[in-house]
Amino acid sequence: MAALFMLLIPITSHAQVKWGEVFNKFKLEVRADGEYTTTDTTPNLGFHGKYFNFMLGGNLGGGFSYYFKQRIVANPGTVTFFDNTDFIYLDYMPNKNWRARFGKDAMALGGFEYDASPIDVYFPTNLWRNIYCFQLAASGAYITNDGNHTFIAQVSNSPYVNYNNLDYDAGLVAYNLYWAGNMGHVHTLWSTSMVEYKWNNYLNMTMLGTKVIYDKWDLYLDLIHHALSADDWGKNFGMVSCANYYFTPQFNIFVKGMYEQNKSDVTLGSSVSMDHQLAAGHTTARYGLGFEWFPTKEKNVRLHIYGCRMTDSYDKVVPDPSAAVPGATINKHVTDASWNFNIGATWTMDFHKLF
């Protein structure tokens, strides 16, 4: 990092290249949490580093720009060269209405929980935790004249390349259509996708995120639906909602809740899980309350605390206590429940603003 900084210093001394254009984003951000989770046996307790991100972005001239975000982790990548890179893409905007993009990008999926930077998300849905959302992709976007609506068509590698430990050229892709709308107090992030899980077989994912924003509060509701076949509707879905109330610009309270289920006949009838967002036959719920405090005016430090309840319901094979034959089993519906309490800090070192 020091070497990179020393290389960049001379750039600012040449009039033909301006720091503010080529490097309009240059920062590090860090989050560390202390966490306590109740279990049936020994509780889990400890402190851990959550995120360490390096971000760089800027304009290259001629309508071209770039963005790079590296999630710095201790283990090497396993699938592709860009495994631990969230974003590394090139944009081209010939005018304010059209944009083309190529590189490592987030899959163009709707929903406000999904859209948030991972460092800003607390007790997320199973879909958020399990989907391989950062993929090499190509996309085209149309932006309306007022900038309030963006429509995106994107083709990316399928996350099933990662799930099934395949090479990048396995031929599995995802097709995503996306709309981001701004209608004053109401904002939308809607999408529908066809995600290839094996050759010429697709999972449909529809994600509808709607958010209401006012000065002192905001509220979003994300609706999520998956279907592995034409007659698989209404069995595999989820919803997540979060409300914030801002006592001051530096302090807010939030309430968040979610529900997810996977009762897909296609998945239940398969020996291999075909929808990796939630295990077949499971129903999960999470709900909780938390606070955020930004002690500095620049909001480059954030302290948070939250508590949430987590449940997971499913059928489990257990010994039959009433059976006359030893070793006989029955299916029993069980619910695992636990509490999670978390306190942590996030801090951002924005070198672009500093220099």
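Criteria and thresholds
All residue numbers refer to positions counted from 1 along the written sequence of the respective chain. Side-chain atom pairs in this predicted model are given and counted only at pLDDT of 80 or more, local residue features only at pLDDT of at least 70, and totals for whole chains, interfaces and linings cover all residues. With hydrogens and water excluded, all non-hydrogen atoms of the structure serve as input to the side-chain values. Any two strands with at least two DSSP-identified bridges between them are counted as paired. We count a stretch as a helix when DSSP gives it H or I for four or more residues in a row; a strand needs E for two or more, and each element gets its number in order from the N terminus. To define a nonpolar core, start from buried Ala, Val, Leu, Ile, Met, Phe, Trp, Tyr and Cys residues and group those joined through side-chain atoms within 4.5 Å. Note on exposure labels: buried denotes an accessible area under 20% of the residue type's maximum, exposed denotes more than 50%, and partly exposed covers the range between, all computed with a 1.4 Å probe on protein chains only. Working rule for contacts: check all heavy atoms of both residues, and any pair within 4.5 Å makes them a contact. Polar contacts here mean pairs of N or O atoms no more than 3.5 Å apart (in protein, one a potential hydrogen donor and the other a potential acceptor; neighbouring residues in sequence count only if both atoms are side-chain atoms). Any Phe, Tyr or Trp ring, taking Trp's six-membered ring, that has another such ring centre within 6.5 Å forms a pair; planes under 30 degrees apart are called stacked, those over 60 apart edge-to-face, and the others tilted.

Student: What is the right way to look at the pairing of strand S2 (residues 44-61) in this model?
Tutor: Both faces of the sheet carry side chains from a regular strand, because those side chains alternate between them. Inspection of the sheet shows strand S1 (residues 25-37) paired to S2 by 13 bridges, in the antiparallel sense. Bridging across to S2, Gly 34 finds its partner in Phe 47. The hairpin formed by S1 and S2 contains six residues between the paired strands. Relative to strand S3 (residues 64-71), S2 runs antiparallel, the two being bridged by eight bridges. Each residue of the ladder has a partner; that of Met 55, found in S3, is Lys 69.

Student: What should I look at first to understand the environment of Asp 231 in this one?
Tutor: Along the chain, Asp 231 falls in the loop between strand S11 (217-227) and strand S12 (236-248). Sequence spacing of Asp 231 and Asp 265 is 34 residues, and the spatial spacing of their C-alpha atoms is 9.2 Å.

Student: Could you clarify how one ought to interpret the nonpolar core in this entry?
Tutor: For soluble globular proteins, the rule of thumb is that nonpolar side chains tend to be buried together. Judged by nonpolar contacts, the single largest core of 25 residues is most densely connected at Tyr 114, Ile 131 and Met 205. Going through the elements one at a time, strand S4 (85-95), helix H5 (160-163), strand S9 (186-198) and strand S10 (201-213) are the ones with two or more residues in this core. Those residues in contact with Met 205 that lie beyond four places of it in its chain are Leu 109, Leu 127, Ile 131, Ser 191, Thr 192, Ser 193, Val 195, His 225 and His 226. The next biggest cluster of nonpolar side chains, apart from the first, holds 17 residues, and it includes Phe 123, Ala 141, Ala 180 and Val 240.

Student: Would you take a moment to explain the side chain of Asn 126 for this structure?
Tutor: Along the chain, Asn 126 turns up in helix H4 (residues 126-130). Among the polar contacts made by the side chain of Asn 126, one reaches the side chain of Thr 284 at a distance of 2.9 Å. If we skip the residues at most four places from it in the chain, Asn 126 touches Glu 260, Gln 277, Leu 278, Thr 284 and Arg 286.

Student: So what exactly am I meant to see when it comes to the packing of aromatic side chains here?
Tutor: Each pair of aromatic rings is reported with the distance of its centres and the angle of its planes. The final tally for this structure, using the stated rule, is 26 aromatic pairs. The interplanar angle of 50° and the centroid separation of 5.8 Å between the aromatic rings of Tyr 67 and Tyr 89 together place this pair among those described as tilted. You can see Tyr 67 sitting in strand S3 and its partner Tyr 89 sitting in strand S4, a full 22 residues away along the chain. Overall, Tyr 67 belongs to the buried group, its relative accessible area being 16%. Classification of Tyr 89 as buried rests on a relative accessible area of 13%. Aromatic pair Phe 87 and Phe 134: ring centres 5.1 Å apart, planes at 75°, arrangement edge-to-face. You can see Phe 87 sitting in strand S4 and its partner Phe 134 sitting in strand S6 (residues 134-143), a full 47 residues away along the chain. For Phe 87, a relative accessible area of 15% gives the class buried. Overall, Phe 134 belongs to the buried group, its relative accessible area being 18%. Aromatic ring contacts, followed pair by pair, group Phe 26, Phe 54, Phe 68 and Phe 351 into a single cluster.

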